[in-house]
Amino acid sequence: MSLQAGFDAAKEGRYQEAIPILEEYCRNCAEQSSAEYCTAQMWLVRGYKATGEIEKALVLCQRLMQSEHQKVSDWAGKMYQKLNNPSPETETTENPVATKKAVGAAGVKLAMAGVGGNLALASVVTMSLMSGMVLVLALGIVLIADSENPILGLGIAIAITIIFNVAAFFLSPFLMDLTQNWLYKTRWVELAEIENLSPQTIEVIRRVCQQKKIKTPRLGIIEDQNPTAFTYGSLPNSARLVVSRGLFTYLDDDEVATVYAHELGHIVHWDFAVMTVASTLVQICYLIYVTARTLVRGMGDSKLGDAAKTASLVAYIFYFIGTYLLLYLSRTREYFADHFAAETTGNPNGLSRALVKIAYGIVEEGSRAKEPSRLIEGTRALGIYDAKAAATTGNAYRIASQPEKIGRVFLWDMFNPWGWLMELSSTHPLTGKRVRALSTYAEQLGLETEFDMGKVVGEGKHLNKKKLYGSFFTDIFLYGAETIGLFVGIAIGIILVSSGVQNSGLWIACPLIGLGIGVLIKAFVMYPDYAKAVETDVLTLMSDPYASPLRGRPAKLEGKLIGRGDAGYKFGSDLKIQDPSGMLYLRYASRFGSIGNFLFGMKRVESLINMNVASVGWFRRGVAPWMDLIELKSENGTVVKSYHRFWSFVVGGFSIILGIALTVLFSGV
């Protein structure tokens, strides 16, 4: 049996099965300072405790207290005290943070103070606009097919809209049931099983369902250690509430209860139903766009062809607008579900901890897997947490011993203008903003806040605003440097020709030169001199409140390559590096474009995984952080070169040279 099998058995509470596997691994392991060995020892302690072998657990704790890893020794010391002085308090995960368990009165009304906007308004506006879009598109398609009778076409269009909406409302949950079962093997369970896993959760479910007069949702469990939870359906009395096994592994009982309360909030607010229908309508817009675009190809320059082109364009515009409406609704409903959970449980701190631990669990499981989780990627929009944003928070929790250290990674979420811009395309609010809102609810309940967001806000107020916003507006301008250069070149060409310059090549030469200059300027900003790269670690990079997705920060990282960074892509060329402070994605770029990336992913990546490496690259941060790779040196001497700047310099330089050549060639013409 593999070590991973032992970990999986232990996480699922099958300690009688896990202990022999872990004991055999520890006996045969030559590297007793490795992370795998320490983790196996820690699970053995928990296994011995669970099976009543307290003496073995105490002896093992004493050994671990001498570990060279501070985190392990601290954990062992706390566990040793618990074993000698047992208490009913639930033990934390193998990477614990000291938590405060104070809870306020459940059911107390909490003011949102403008957090999250207006859920009812967002739902009504989204549904109205989406239904109107489908109506317009249906009308357009009908008029293409029968332009002789527009009144009949309108009636048919209305009928199509109603049928689509009703079908989407009632059929979507059943289609999702089939999809969930096929992709993730969802197992539907009774209340008793959930009660065994989390007694507080059952109390919350029963109380909410009784108070709100709704049926208990259909409860599901997915046997996946990546922690997540999501709700879907069409009516509150037929809702589905699904969680992964990892939720019970990484979260304490009270934290699991707040997650279930959050998901119940979606059901009570009906926003889960609105999301189900709205998601379907967005996909209908895209389907009409694809269909109309296909019709265009077979119609040529005819009246019907022109109508199909118009329908295709309008459908795509509606799809684009609908996507952002859906994202706004998705973010708004998360704030309201957080608020509902805080009111229902009286434990906003529990949900704050849960969000951070879910991020940690996603990072922890990601560090063990060679490929990103299909579950996490596939349920990103539905889940309680955006997996793309897990890296910063999860890595901070992974190594921090005090909550205030975790809070520093929230500075970017709350104060960097890039955070606001990137959030527009995110399914969830940024974690820092959610934790800040939950902290205000804790203050209203008279509780000490879990994460000192007041201190974070205070630190944010002292950030260099000129650097923060000046870089942002400059970067926004530079994002369009190529386009700006092109249009400036066109304008200069027009001016020169209009002023009597005898060179017909200027019409093409000036735009090419302008385009090339724009490309090169952007490249120099994105990829500054990496000779100045300094040695650092992942958490330090993620704690930088001035980080930008455009302006690369040269950095050197040493760590272990633990897998691919491309979700579900067997031949992905991107990598994951892990150092003592966290995990980060490395993006590779071949000189030969996508073909080179594919060949690198197919032939070389697998041989690099599990190697210790030194890497140099440009760090960037959006909703998720990453580093554009420059060079990678492995422990066996293998060197990997990456060429992110290559095509920028080639395209920019070629455009300028071609523009100059055309100017010379057509001079005097």
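The rules behind the values
Residues numbered from 1 in each chain as written. Predicted model: local features only at pLDDT ≥ 70, side-chain atom pairs only at ≥ 80, totals over all residues. Heavy atoms only, no water. Phe/Tyr/Trp six-rings, centres within 6.5 Å; stacked < 30°, edge-to-face > 60°. Helix = DSSP H or I, 4+ residues; strand = E, 2+ residues; numbered from the N terminus. Buried < 20%, exposed > 50% of the residue type's maximum accessible area, 1.4 Å probe, protein only. Lys NZ or Arg CZ within 6 Å of the ring centre and 35° of its normal. Core = buried A, V, L, I, M, F, W, Y, C linked by side-chain atoms within 4.5 Å. Contact = heavy atoms within 4.5 Å. Patch = residues over 30% accessible without salt bridge, like charges linked within 9 Å, V, L, I, M, F, W, Y side chains within 5 Å. Areas by Shrake-Rupley, 256 points an atom, 1.4 Å probe, with all protein chains shown as cover. Salt bridge = Lys/Arg side-chain N within 4 Å of Asp/Glu carboxyl O. Arc of directions from axis to C-beta. Pairing = 2+ DSSP bridges. Axes fitted to C-alpha atoms, helices over the stretch in contact; angles between N-to-C directions. Parallel < 35°, antiparallel > 145°, perpendicular 65-115°, else oblique. Left-handed = near helix turned anticlockwise from the far one by under 90°.

Brief notes about the packing of aromatic side chains
- In this structure the tally under the stated criterion is eleven aromatic pairs.
- Ring centres of tryptophan 418 and phenylalanine 472 lie 5.1 Å apart, and the angle between their planes is 85 degrees; this geometry places the pair in the edge-to-face category. With tryptophan 418 in helix 19 (residues 417–423) and phenylalanine 472 in helix 22 (residues 465–479), this pair connects stretches of sequence that are 54 residues apart. Take tryptophan 418 and phenylalanine 472: they sit in the same class, and that class is buried.
- A network of ring pairs unites the aromatic residues Trp418, Phe472, Phe473 and Tyr479 as a single cluster.
- The cationic tip of arginine 587 hangs over the ring face of tryptophan 626; the distance from NZ or CZ to the ring centre is 4.2 Å.

Regarding the nonpolar core
- The biggest cluster of nonpolar side chains holds 46 residues, and the ones touching the most others in it are Leu247 and Tyr260.
- Excluding residues that lie within four positions of it along the chain, leucine 247 makes contacts with Pro227, Thr228, Ala229, Val256, Val259, Tyr260 and Ile358.
- The next biggest cluster of nonpolar side chains, apart from the first, holds 30 residues, and it includes Leu430, Met542, Leu557 and Phe619.

A word on a nonpolar patch on the surface
- A grouping of Val166, Phe170, Leu171, Phe174, Leu175, Leu178, Leu235 and Trp270 is seen on the molecular surface, where their side chains present a nonpolar patch of about 800 Å² in accessible area.
- The residue tryptophan 270 is located in the loop between helix 11 (253–269) and helix 12 (271–299) in this model.

Quick notes on helix 4 (residues 54–64)
- Buried residues of helix 4: Ala57, Leu58, Leu60, Cys61 and Leu64, and no others. Mapping the buried residues of helix 4 onto a view down its axis gives an arc of 170 degrees, with all of them on the same face. Facing away from the buried side of helix 4 by over 90 degrees, the exposed positions are Glu55 and Arg63.

Brief notes about the pattern of salt bridges
- Across all of its chains, the model carries 23 salt bridges by this definition.
- One salt bridge connects arginine 187 with glutamate 193, and the closest N-O pair in it is separated by 2.9 Å.
- Between arginine 551 and aspartate 475 there is a salt bridge, with its nearest N and O atoms 2.5 Å apart. Remark: aspartate 475 occurs in helix 22 and arginine 551 occurs in the loop between helix 25 (538–542) and strand 6 (553–564); sequence separation between them is 76 residues.
- Among the residues examined, aspartate 475 registers a relative accessible area of 1% and is labelled buried.

As for the sheet that holds strand 4 (residues 240–244)
- The strand order across the open sheet built from four strands is 1-2-4-3, with neighbouring strands paired in mixed fashion. Across the chains shown, the open sheet's two edge strands, defined by having one partner strand only, are strand 1 (187–189) and strand 3 (229–232). Shown here is a sheet whose adjacent strand axes are inclined to one another by a mean of 30 degrees, direction ignored.
- Note that strand 1 and strand 2 (residues 218–222) share three bridges and pair antiparallel. What sits directly across from tryptophan 188, in strand 2, is glycine 220.
- This element, helix 11, spans strand 2, strand 3 and strand 4 of the sheet and lies at about 20 degrees to strand 3.

Re the packing of helix 24 (residues 506–526) against helix 28 (residues 646–665)
- The interhelical angle for the contact between helix 24 and helix 28, taken along N-to-C directions, is 155 degrees, at an axis separation of 7 Å. In this view, helix 24 runs roughly antiparallel relative to helix 28, as classed from their interaxial angle. Viewed along their axes, helix 24 and helix 28 form a crossing whose handedness is left-handed. In this structure, helix 24 contributes Leu506, Ile508, Ala509, Leu512, Ile513, Leu515, Gly516, Ile517, Val519, Leu520, Ala523 and Phe524 to the contact, and helix 28 contributes Ser648, Phe649, Gly652, Gly653, Ser655, Ile656, Leu658, Gly659, Ile660, Leu662 and Thr663.

By themselves these figures say nothing about function.
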